[in-house]
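What the coordinates show
These are the residues of each chain, in order.
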Amino acid sequence: MTLSFSDTYKLNNGIEMPRHGFGVYKLTDEKRMRTALETAVDVGYRLFDTASFYHNEKELGDFFASSGLKRDEFFVTTKMWNTEQGYDETLRAFEKSQKKLQLDQIDLYLVHWPKQDTFFETWRAVEKLYDEGLVRAIGVSNFEAHHLDRLRTSANVLPVVDQLETHPHFPNRLLHRYLEELHIVHQAWSPLGRGGVLEEQILIDLAKKHGKSPAQIVLRWHLQNNISIIPKSETPSRIKENAAIYDFELTEADMHQVDRLNNGERVSHAPDVMYVRSEI
Ligand SMILES: NC(=O)c1ccc[n+]([C@@H]2O[C@H](COP(=O)([O-])OP(=O)(O)OC[C@H]3O[C@@H](n4cnc5c(N)ncnc54)[C@H](OP(=O)(O)O)[C@@H]3O)[C@@H](O)[C@H]2O)c1
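A brief structural summary. Computed from a prediction, not measured in an experiment: that's the story for all the values here. The numbers attached to residues start from 1 for each chain and follow its sequence in the written order. Reporting in this predicted model follows two pLDDT cut-offs: at least 70 for local features of residues, and 80 or more for side-chain atom pairs to be given and counted; totals over whole chains, interfaces and linings ignore these cut-offs and use all residues. The basis for every side-chain value is the complete set of non-hydrogen atoms in the structure, without hydrogens or water.

**A closer look at helix H3 (residues 87–101)**
Secondary structure elements follow DSSP: runs of H or I of four or more residues count as helices, runs of E of two or more count as strands, with numbering from the N terminus. A helix is expected to reach a length of 1.5 Å times the quantity of its residues less one. Look at H3: 21 Å from first C-alpha to last across 15 residues, which is about the 21 Å you get at 1.5 Å a residue. Regarding H3, the residues found buried are Thr90, Leu91, Ala93, Phe94, Ser97, Gln98 and Leu101. All buried residues of H3 fall inside an arc of 160° around its axis, so they share one side. For H3, the exposed residues set more than 90 degrees away from the buried face come down to Arg92 and Lys99. Accessibility here uses a 1.4 Å probe with only protein chains present; expressed as a share of the type maximum, an area under 20% marks a residue as buried, one over 50% as exposed, and anything in between as partly exposed. Comment: arc refers to directions from the helix axis out to C-beta atoms.

As structure tokens, then:
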């Protein structure tokens, strides 16, 4: 399987999205964030994943403005938070994100979590932003099959991406197959399980076998499973390490070894727990 860092997915609306991006959750210290972003751009990252909830869209926007990157050389994803869902609320949230990011057009706008009371209104607002050309693509995050089925009963535009907690402890295989049927790209959040999976002996052994680190084994496993990844790190050596996963390949047996780590343990909430807690 020949893969490269510059590979893109052609999304179901025809636009191209880098497969391997950089997550910026919890990057709030301005100086550390800038160093991390500079390192990420140097090693070739071109997709940046933020959200209004991360409180760093302004800093990310400042970085782009001074980076020397042309607008078509980077891809930005952002999301409205749960308290910003609803028709008018989503339009207002988008305007705030757009202003902070200092961009005329956002590449990908996601509904952060499926929230029951404003479910259809939020998507209607997101579709309006898409119809008006303010976003190049629209998608969802933390949507399970039943949320997607509900959305499909009234959506005019289908999501291009579903961003989901996915790592060896929680591989989300069933949902992955459903997303493939719907031509929706599965993007893994917390692809490293926030670092929690990296102590697993199976990963340590595979890392030794391939002369790589456990994190590199995990990221490569995602790619070979046809999953988009957005690992976060604020450590320059790790940012470089997480990009250096294109010079080796896991065998089928290696892939099965990693599959054995599935224990159903999430690092965060199940979507329906967030879903009913409309205050968060
Ligand atoms: N849609 C959603 O609901 C949702 C939820 C959560 C996250 N996300 C997105 O997904 C991105 C990634 O998820 P995440 O940040 O939760 O978790 P993650 O990428 O799985 O893990 C990040 C953690 O792993 C450490 N790490 C990174 N590379 C490493 C390496 N090579 N070796 C050892 N440790 C390493 C980082 O430490 P250092 O930073 O200290 O190096 C950090 O503590 C986020 O930044 C965000 O953009 C989306």
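**With respect to the pairing of strand S9 (residues 185–189)**
It is a general feature of regular strands that their side chains alternate between the two faces of the sheet. S9 sits mainly inside the fold: five of its five residues count as buried. Across the two faces of S9 the burial is the same, with Val185, Gln187 and Trp189 and His186 and Ala188 all buried. Two strands form a pair only when DSSP identifies at least two bridges running between them. Relative to S9, strand S8 (residues 161–165) runs parallel, the two sharing five bridges. Within the sheet, the bridge partner assigned to Glu165 lies in S9 and is Trp189. In this sheet, strand S10 (residues 228–229) lies alongside S9 in parallel orientation, the contact comprising two bridges. Its bridge partner lying in S10, Ala188 is registered against Ile229.

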